[in-house]
Amino acid sequence: CANGKTVSPGSVQAQMVPTSYNALCRNFRIRLKDRIIHPNTAAFWPQCLAVDRMTRSQLLELQQDRLRKLLQHAIRHVPFYRQWAQQAGHTSDRPPPLNVWPIATKDLFRANPDAFQSEAFPLKEMSLQKTSGSSGEPFQFRVHRSATDYSYACLWRALSRHGLRPGDRRVYIWGRSYLFNSGAAQIGKTRLRQKVRNWLNNTLAVNAYNLTHHNVDETIDAIEQFHPVYLHGYVSALYTIARRMLEMNRSFQNFKLVATITESEKLYNFQREAMQRAFGGKILEHYGSVE
């Protein structure tokens, strides 16, 4: 769906999306970054677009097939679920329905991450990632690069429906959870990496955790000087900026936003309305659920 309307196979909007991921990218910098950070995205792109053109019955069949294979994989290769299946009398050939499965909490995972590590993927191929910490406590977990890159391709499949492309100028209003428990040397290295990544992504980063009514005007000035194509960030941070702009009867000068993408928190109608009045463009609610 796009804007609440189904994009049918062969529709004008579906045809507008390039069949090559490299063709979708805005410039060489984002192609260089994605070749390093998300090397599998270009290979995943054609199958992402193929899913976009499926009928409802084809999508439902694909979902059921992928779910079945995932449950079979869990029983065969993941110690936590294999032990549970053995105790409950389930087999991988005929996995039980999803509502029967135990709920794996963050505390369970923290206590024994190896119990949730699939034996089909060597540890050397996994990387340690963490959530942004918007809930108050960042959650660390292991992820395989191919999974990250497929998710990344799906994100851009969705955003491309609204005219956004990788490498478009973006203001990224996000939490910096690495500042909580890192030493000065580590923070310095991380900040340097962030600066390089921001240059490659054509991004202006704003620390949402430091955004207050004392410096919101400075943030608005920085956004205006950057001339972004779109904003992307926490709902509460974006709402803080929108509310201030409405209080001051202020609007962005010399550019128009294509979209504002909200994340990490529920977007309520009063917040959406404020952003629409202050920012203009489309207000797109997105929730990634990294875990």
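Residues numbered from 1 in each chain as written. Predicted model: local features only at pLDDT ≥ 70, side-chain atom pairs only at ≥ 80, totals over all residues. Heavy atoms only, no water.

1. Looking at the overall build of the chain
Next, step 1: Along the backbone of the chain there are 12 helices and 7 strands.
Next, step 2: Counting over 291 residues, the chain shows a buried share of 40%.
Next, step 3: Of the contacts made within the chain by residues no fewer than 6 positions apart, 70% connect residues no fewer than 24 positions apart.
Next, step 4: Carbon and sulfur atoms make up 52% of the accessible area of the chain, which totals about 17,000 Å². (Helix = DSSP H or I, 4+ residues; strand = E, 2+ residues; numbered from the N terminus. Buried < 20%, exposed > 50% of the residue type's maximum accessible area, 1.4 Å probe, protein only. Contact = heavy atoms within 4.5 Å. Areas by Shrake-Rupley, 256 points an atom, 1.4 Å probe, with all protein chains shown as cover.)

2. Remarks on the state of the cysteines
Next, step 1: Evaluation of the coordinates by the stated rule reveals 0 disulfides.
Next, step 2: Distance from the sulfur of Cys48, which forms no disulfide, to the nearest cysteine sulfur (Cys154) is 3.8 Å.
Next, step 3: Exposure remark for Cys48: the relative accessible area of 0% places this residue in the buried category. (Disulfide = S-S within 2.5 Å.)

3. Some thoughts on the sheet that holds strand E5 (residues 230–234)
By definition, the strands of a sheet pair up through backbone hydrogen bonds, in either a parallel or an antiparallel sense.
Next, step 1: Here we have 5 strands laid out as an open sheet, ordered E4-E3-E5-E6-E7, and parallel in their pairing. Single-partner strands in this sheet number two, and they are strand E4 (203–207) and strand E7 (282–285). Strand-to-strand, the axes of this sheet are offset by a mean angle of 15°, without reference to chain direction.
Next, step 2: With 4 bridges connecting them, strand E3 (residues 170–174) and E5 associate as parallel partners. Residue pairing for E5: Val171 is matched across the bridge by Leu231.
Next, step 3: The strands that helix H11 (residues 235–247) touches are E3, E5 and strand E6 (259–263); relative to E5, the one it contacts most, it runs at about 125°. (Pairing = 2+ DSSP bridges. Axes fitted to C-alpha atoms, helices over the stretch in contact; angles between N-to-C directions.)

4. Focus: the nonpolar core
Next, step 1: Ile173, Ile241, Phe252, Met275 and Phe279 are the most contacted members of the largest nonpolar core, which has 29 residues in total.
Next, step 2: Only E3, helix H10 (216–226), E5, H11 and helix H12 (269–279) provide two or more residues apiece to this core.
Next, step 3: Setting aside its immediate chain neighbours within four residues, Phe252 contacts Ile220, Ile223, Glu224, Met245, Leu257 and Phe279.
Next, step 4: One finds Leu24, Tyr150, Leu159 and Tyr230 within the second-largest nonpolar core, a separate group that totals 20 residues. (Core = buried A, V, L, I, M, F, W, Y, C linked by side-chain atoms within 4.5 Å.)

Any functional reading would require information that these geometric values do not contain.
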